[in-house]
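The primary structure of each chain is shown beneath.
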Amino acid sequence: MRIVIAEDDPLLREGLALLLRAEALEVAATAGTAEEALEAIDAHRPDVAILDVRMPPTHTDEGIRAAVEARRRRPDLAVLVLSAYVEQSFATELLTGGVGGLGYLLKERVGRVGEFLDALHRVADGGTAIDPEVVAQLFTRSRQDTRLERLSPRERDVLALMAEGLGNTAIAERLVVTDGAVHKHIRSIFAKLDLSPTDQVDRRVAAVLRYLESTPGNGSQVQQAVPRTGPQA
């Protein structure tokens, strides 16, 4: 796995590089700005790009814009975005393409090495990884969407775990139910969210986007994280 890291904090940037190299992963380049990140991605053709959301010069959305641009240039590139905040609009923009190989994690997740590496490998393998704290905060602010109100409490639990990036088997293990029960809940979620099987989209990603798009606001500072995500099925 070849990786490019874009992070303006030199301590975190070098710490990430050391961590990944210790795991026998190849860090092809590091960058301190979004522009340098795009140049490194073009030059080194990595499998995964890890980008900070807030980078110079304005420290607003340079990283997320670089992530979107990198995916436009290379749709097969896996992208893992790191942020110190829950920023719903950025998460939604990143996922709007409706394809896998995308992750959105809070920076504090990096300190939980096992969880961070699990998410990195899941994204590299074409899955998704949304930080559970992002999911938790968005879910508490998503009550205004009438379509979500159609869901039962168990279906909301399933959708929240889908948003984290868990596959059916991992969801079943987390909720202590059968795979068949999870499959039934997901079919019901698709129906209640008006996601037709004939739509030319990934309905699983579309359901998660529906969930994210229901939340107003630009973001709130994170106080603490919640338990780890599981593997993508």
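Keep in mind the model is a prediction, meaning the values are calculated, not measured. (Residues numbered from 1 in each chain as written. Predicted model: local features only at pLDDT ≥ 70, side-chain atom pairs only at ≥ 80, totals over all residues. Heavy atoms only, no water.)

## Description of helix 1 (residues 10-22)
Over its 13 residues, helix 1 runs 18 Å from end to end, which matches the ideal 18 Å to within 8%, given 1.5 Å per residue. Here helix 1 has its buried residues at R13, L16, A17, L19 and L20. Down the axis of helix 1, the sector holding all buried residues measures 165 degrees, keeping them to one side. In this structure, helix 1 carries L11, L18 and A22 as exposed residues pointing more than 90 degrees from its buried face. In the core, the buried residues of helix 1 are packed alongside strand 1 (2-6), strand 2 (26-31), strand 3 (48-52), strand 4 (78-83) and helix 5 (113-124). The backbone nitrogen of L11 lies 2.9 Å from a side-chain oxygen of the residue at the head of helix 1, namely D9. Residue A24 follows helix 1 closely and has a positive phi angle near 65 degrees. (Helix = DSSP H or I, 4+ residues; strand = E, 2+ residues; numbered from the N terminus. Expected span 1.5 Å × (residues − 1). Buried < 20%, exposed > 50% of the residue type's maximum accessible area, 1.4 Å probe, protein only. Arc of directions from axis to C-beta. Contact = heavy atoms within 4.5 Å. Polar contact = N/O pair within 3.5 Å; in protein donor to acceptor, adjacent residues only side chain to side chain.)

## Considering the environment of S83
Here S83 lies in strand 4. When the C-alpha atoms of S83 and L105 are compared, they prove to be 6.4 Å apart, with 22 residues separating the residues in sequence. The contacts of S83, once residues within four sequence positions are left out, are V53, Y104, L105, L106 and K107.

## As for the pairing of strand 3
In terms of residue burial, strand 3 counts as a mostly covered element, since 5 of its 5 residues are buried. Here 4 bridges tie strand 1 to strand 3, and the two strands are oriented parallel to one another. By the bridge assignment, I3 is partnered in strand 3 with V48. Where the polypeptide runs from strand 3 across helix 3 (residues 62-73) and back to strand 4, its parallel neighbour, the crossover connection is right-handed. (Pairing = 2+ DSSP bridges. Right-handed = clockwise from strand over helix to strand, strands pointing away.)

## Re unusual backbone geometry
The omega torsion of the bond from P56 to P57 falls at 5 degrees, within 30 degrees of zero and hence cis. Among the secondary structure elements, P57 is positioned in the loop between strand 3 and helix 3. The backbone of R45 sits at a positive phi, close to 50 degrees, despite the residue not being glycine. Here the phi dihedral of V176 falls at roughly 55 degrees; this positive angle occurs in a residue that is not glycine. Its relative accessible area of 72% is what places V176 among the exposed residues.

## A word on the pattern of salt bridges
Going through the model one piece at a time under the given rule, you end up with 12 salt bridges. Here K192 and E155 are joined by a salt bridge, their closest N and O atoms 2.9 Å apart. Of the two residues, K192 is situated in helix 10 (residues 179-192) and E155 in helix 8 (residues 153-164); the sequence distance between them amounts to 37 residues. You can call K192 partly exposed: its relative accessible area is 25%. A single network of salt bridges, built from pairs that share partners, joins D42, E69, R72 and R73. (Salt bridge = Lys/Arg side-chain N within 4 Å of Asp/Glu carboxyl O.)

## Here we look at the confidence of the model for the chain
Chain-level pLDDT for the chain is 79 on average; 74% of the residues reach the 70-or-more range. Predicted confidence is poor over residues 215-233, with pLDDT under 50, and the contacts of this stretch with residues over four places away or in other chains come to 66 contacts. (pLDDT = per-residue confidence, 0-100.)

## Observations concerning the sheet that holds strand 4
Sheet architecture is open: 6 strands sit in the order 2-1-3-4-6-7, paired in parallel fashion. Lying at the two open borders of the sheet, with one neighbouring strand each, are strand 2 and strand 7 (128-130). Strand-to-strand twist across the sheet, computed as the mean angle between neighbouring axes with direction ignored, equals 20 degrees. Alignment of strand 1 against strand 2, held across 5 bridges, turns out to be parallel. (Axes fitted to C-alpha atoms, helices over the stretch in contact; angles between N-to-C directions.)

## Section: the side chain of E155
Judged by relative accessible area, which is 5%, E155 ranks as buried. In this view, E155 contacts R150, H185, S188, I189 and K192; residues no more than four positions away in its chain are not counted.

## Here we look at the nonpolar core
Grouped together as the largest cluster of nonpolar side chains are 22 residues, with contacts concentrated most on A6, I41, L51, L77, V79 and V81. At the level of secondary structure, the elements contributing two or more residues to this core comprise strand 1, strand 2, helix 2 (34-44), strand 3, helix 3, strand 4 and strand 6 (102-106). Here this core takes 5 residues from helix 2, the largest share from any one element. When residues no more than four places from it in sequence are discounted, the contact partners of A6 are A31, A37, I50, L51, D52 and M55. (Core = buried A, V, L, I, M, F, W, Y, C linked by side-chain atoms within 4.5 Å.)

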